[in-house]
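Here is how the chains run, residue by residue.
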Amino acid sequence: MKYYFLLIGTFCFMGFCQGQHATYKLKQDFINKQLDDAIDQIKILAQNTPEDLMPRTFEGDTLVTSKTNWWTSGFYPGTLVYLYEYSGDKKLLQLAQDKFKILEKEKYNKNTHDVGFMLYCSYGNALRITKDTMAYKDILLTGARSLITRYSPDVQAIRSWGGMKRNNPDVKATSSGGGWNYPVIIDNMMNLEFLLEVSKLGNDPVFWDIAVTHANTTMKNHFRPDYSCYHLVDYNPKDGSVIAKKTVQGAYDESAWARGQAWALYGFTMMYRETRDKKYLDFAKKIADFVLNHPNMPEDQVPYWDFDAPGLPDGSELANYKFNRDASTAAILASALIELSSFTKDTEQSLYISKAEKMLQSLSKEPYKAVTGTNGGFILKYSAGHLPKHSEVDVPLTYADYYYVEALMRYRNLLLAGN
Ligand code: GLY
């Protein structure tokens, strides 16, 4: 008996020394149920969406659509591809491919940094899953070439908005919304994955170098000492000096716009996955610390649209809208935290995975998850697109659905790997 206890004690000690893996609380059945429900919903959305347009949101019982040059055009086909990956249902792949026909022209789009969102979430995922390089490689390479026309070696960053010809160092930024010289927004971190993958695909280091340089410039200029980030940094295109740090979609310049923090966490976690440069991992952890420890993070872990929105935490000044939450932020954070957890151990790993689990649990029920057959076929409700402009508030959005499904798939992969 004495030896039996000694043996158990030894195993426990070995486990402790090697570092414990996190315990995953969500069960396979729970994850599969959410993905099955997502398929039911997206098939409804497909029926509602005109052939030549992309779904964008659903407001007042009406589907709102966009042309393919709107920044969100890659998310709906990307979600279809993820759900095809999960189910093997060829109808879902076919629906995505139908949309690829109208999306392809965006590979020539040099007017926005968002071609990463547009082309990588859609064609990038399709290539990853189908391995059909004949169908997708050239589209991705052409799109990445378009994106890097927006890179300036003087600024060491990719310009987010406005044409490159509009660079004008004599114009000074006036106020949020206009007069930018060379605007770079934190969202741009999300387009770097596209460049890094295309660099490998095309065996061309130019894309890689631009992505790494952009990430380093962002690290240097976009963050405050507490590791929260500004939405927009305006640069002098002549010498790359910083002219102004502003917000457009957040509450005020010094506030922490929630989705911006989520883009940052996701972006730097992805930079670590791709480069294995530890400085990105350390940075991602600091961003996670800021977000997860913020006093205004709600109990259900679905953030308000801005961590510093006036009236928080009691919400008294937020009465204009029903929730003032941003489900899209929770979905992006959940996906990023699941990935971050896979690069960490012990208490850090447990913290990141447990917060991601809470986000997924919250998003997977009322008020956030739509009852099948409602919500125009979108999966989630209550995201905030651009609250200061009163645009797309308390509504479904394609990117909330995309990152929610991605987070479910990432979690499912952890369970399947038996970690
Ligand atoms: N990239 C725009 C947004 O996050 O709303």
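Since the model is a prediction, treat every value here as computed from it, not as a measurement.

J.: Mind laying out the overall build of the protein chain, listing which residues take part and the relevant values?
T.: Secondary structure summary: the protein chain contains 13 helices and nine strands in total. A total of 419 residues make up the protein chain; the buried ones form 60% of that total. Contacts spanning at least 24 positions in sequence make up 69% of the contacts within the protein chain whose residues lie at least 6 apart. When the accessible surface of the protein chain is totalled, it reaches about 17500 Å², and 52% of it is carbon and sulfur.

J.: Describe the site of the ligand, naming the residues involved and giving the relevant values.
T.: Taken together, W71, D187, Q249, W257, R259 and W263 make up the full set of residues near the ligand. Note that an oxygen atom of the ligand is positioned 2.9 Å from one of the side-chain N or O atoms of W263. Relative to its unbound accessible surface of 200 Å², the ligand loses 93% to contact with the protein.

J.: With reference to specific residues and values, describe the packing of aromatic side chains.
T.: Applying the stated rule across the entire model yields 25 aromatic pairs. Considering the side-chain rings of Y24 and Y411, the 5.9 Å spacing of their centres and the 80 degrees angle between planes classify their relative orientation as edge-to-face. One end of the pair, Y24, is in the loop between α1 (2-18) and α2 (28-48); the other, Y411, is in helix α13 (residues 398-417), with 387 residues separating them in the sequence. Judged by relative accessible area, which is 11%, Y24 ranks as buried. Residue class for Y411 comes out buried when judged on its relative accessible area of 0%. Between Y227 and F283, the aromatic rings sit 5.6 Å apart at their centres with planes inclined by 75 degrees, giving edge-to-face as the arrangement. Remark: F283 occurs in helix α10 (residues 278-292) and Y227 occurs in the loop between α8 (205-221) and β6 (232-235); sequence separation between them is 56 residues. The exposure class of F283 is buried, given its relative accessible area of 9%. Of the aromatic side chains, those joined through ring pairs into one cluster are W71, F75, Y82, F117, W263, Y266, Y399, Y402 and Y403. In this structure, R224 packs its charged tip against the face of Y230, placed 4.0 Å from the ring centre.

J.: Summarise the pairing of strand β8 (residues 383-386); cite the residues concerned and give the values.
T.: Examined bridge by bridge, β8 and strand β9 (residues 391-395) share three bridges and lie antiparallel to one another. The partner of A384 across the bridge, within β9, is V393. Turn length for the β8-β9 hairpin, with the two strands adjacent in sequence and antiparallel, is four residues, and the turn residue H390 shows positive phi of about 55 degrees.

J.: Lay out the pattern of salt bridges in plain terms, naming residues and giving numbers.
T.: Scanning the model with the defined rule gives 22 salt bridges in all. Note that E348 is salt-bridged to K285, the shortest N-O span being 3.2 Å. In this pair, E348 sits in helix α12 (residues 346-363) while K285 sits in helix α10, placing the two residues 63 residues apart along the sequence. Taking relative accessible area as the criterion, E348 reaches 32% and is therefore assigned partly exposed. One connected set of salt bridges, linked through shared partners, spans E193, E197, K200, R273, E274 and E339.

J.: Before we move on, could you go through the sheet that holds strand β7 (residues 242-246) and cite the residues and values that matter?
T.: Spatially, β5-β6-β7 is the arrangement adopted by the three strands of the open sheet, whose pairing is antiparallel. What marks the edges here is a single partner per strand, and that holds for β5 (183-185) and β7. Shown here is a sheet whose adjacent strand axes are inclined to one another by a mean of 20 degrees, direction ignored. Two elements, β5 and β6, share three bridges in a ladder whose sense is antiparallel. Opposite V184, over in β6, you have V233 as the bridge partner. On the sheet, α8 packs against β5, β6 and β7 and is oriented at approximately 105 degrees with respect to β6.

J.: For the confidence of the model for the protein chain, give the residues involved together with the corresponding values.
T.: Across the protein chain, the average pLDDT comes to 92, with 90% of residues at or above 70. Contacts of residues 1-19 to residues separated by more than four positions or lying in other chains number three contacts, the stretch itself having pLDDT below 50. Predicted confidence for residues 173-177 stays below pLDDT 50, and this span has 12 contacts to residues more than four positions away or in other chains.

J.: Residues and numbers for the packing of α12 against α13, please.
T.: The N-to-C vectors of α12 and α13 enclose an angle of 130 degrees; their axes lie 11 Å apart at closest approach. In this view, α12 runs oblique relative to α13, as classed from their interaxial angle. When the axes of α12 and α13 are compared, the crossing they make is left-handed. For the pair formed by α12 and α13, the contact residues are I353, E357, L360 and L363 on the first element and Y404, A407, L408, Y411 and L414 on the second. By residue class, the composition of the contact of α12 with α13 is eight nonpolar, no polar and one charged.

J.: Tell me about helix α9 (residues 258-275), residues and numbers included.
T.: Compared with an ideal rise of 1.5 Å per residue, which puts 18 residues at 26 Å, α9 spans 26 Å between its outermost C-alpha atoms and is within 8% of the ideal. A large share of α9 lies buried, amounting to 17 of its 18 residues. Of the residues flanking the end of α9, it is R276, one or two places downstream, whose phi is positive at about 60 degrees.

J.: Describe helix α3 (residues 75-87), listing the residues and the values that go with them.
T.: Every α-helix winds through 3.6 residues per turn, so residues three or four apart in the chain are directed the same way. Taking 1.5 Å per residue, 13 residues should reach 18 Å; α3 reaches 18 Å between its end C-alpha atoms and fits that length. Listing the buried residues of α3 in full gives F75, Y76, P77, G78, T79, L80, V81, Y82, L83, Y84 and Y86. Residues of α3 that are buried make contact with α2, β1 (54-59), α4 (90-103), α5 (115-130) and α13.

J.: Summarise unusual backbone geometry; cite the residues concerned and give the values.
T.: In the segment running from E366 into P367, the intervening peptide bond is cis, with an omega of 5 degrees. The phi dihedral of Q156 falls on the positive side, at around 65 degrees, and the residue is not glycine. With respect to the element layout, Q156 can be found in the loop between β3 (151-152) and β4 (157-158). At E392, a residue that is not glycine, the phi angle is positive and equals roughly 55 degrees. Structurally, E392 is set in strand β9. Judged by its relative accessible area of 10%, E392 falls in the buried class.

Scoring rules and cut-offs
Residues numbered from 1 in each chain as written. Predicted model: local features only at pLDDT ≥ 70, side-chain atom pairs only at ≥ 80, totals over all residues. Heavy atoms only, no water. Helix = DSSP H or I, 4+ residues; strand = E, 2+ residues; numbered from the N terminus. Buried < 20%, exposed > 50% of the residue type's maximum accessible area, 1.4 Å probe, protein only. Contact = heavy atoms within 4.5 Å. Areas by Shrake-Rupley, 256 points an atom, 1.4 Å probe, with all protein chains shown as cover. Near = heavy atom within 4 Å. Polar contact = N/O pair within 3.5 Å; in protein donor to acceptor, adjacent residues only side chain to side chain. Phe/Tyr/Trp six-rings, centres within 6.5 Å; stacked < 30°, edge-to-face > 60°. Lys NZ or Arg CZ within 6 Å of the ring centre and 35° of its normal. Pairing = 2+ DSSP bridges. Salt bridge = Lys/Arg side-chain N within 4 Å of Asp/Glu carboxyl O. Axes fitted to C-alpha atoms, helices over the stretch in contact; angles between N-to-C directions. pLDDT = per-residue confidence, 0-100. Parallel < 35°, antiparallel > 145°, perpendicular 65-115°, else oblique. Left-handed = near helix turned anticlockwise from the far one by under 90°. Nonpolar A, V, L, I, M, F, W, Y, C, P; charged D, E, K, R; others polar. Expected span 1.5 Å × (residues − 1).

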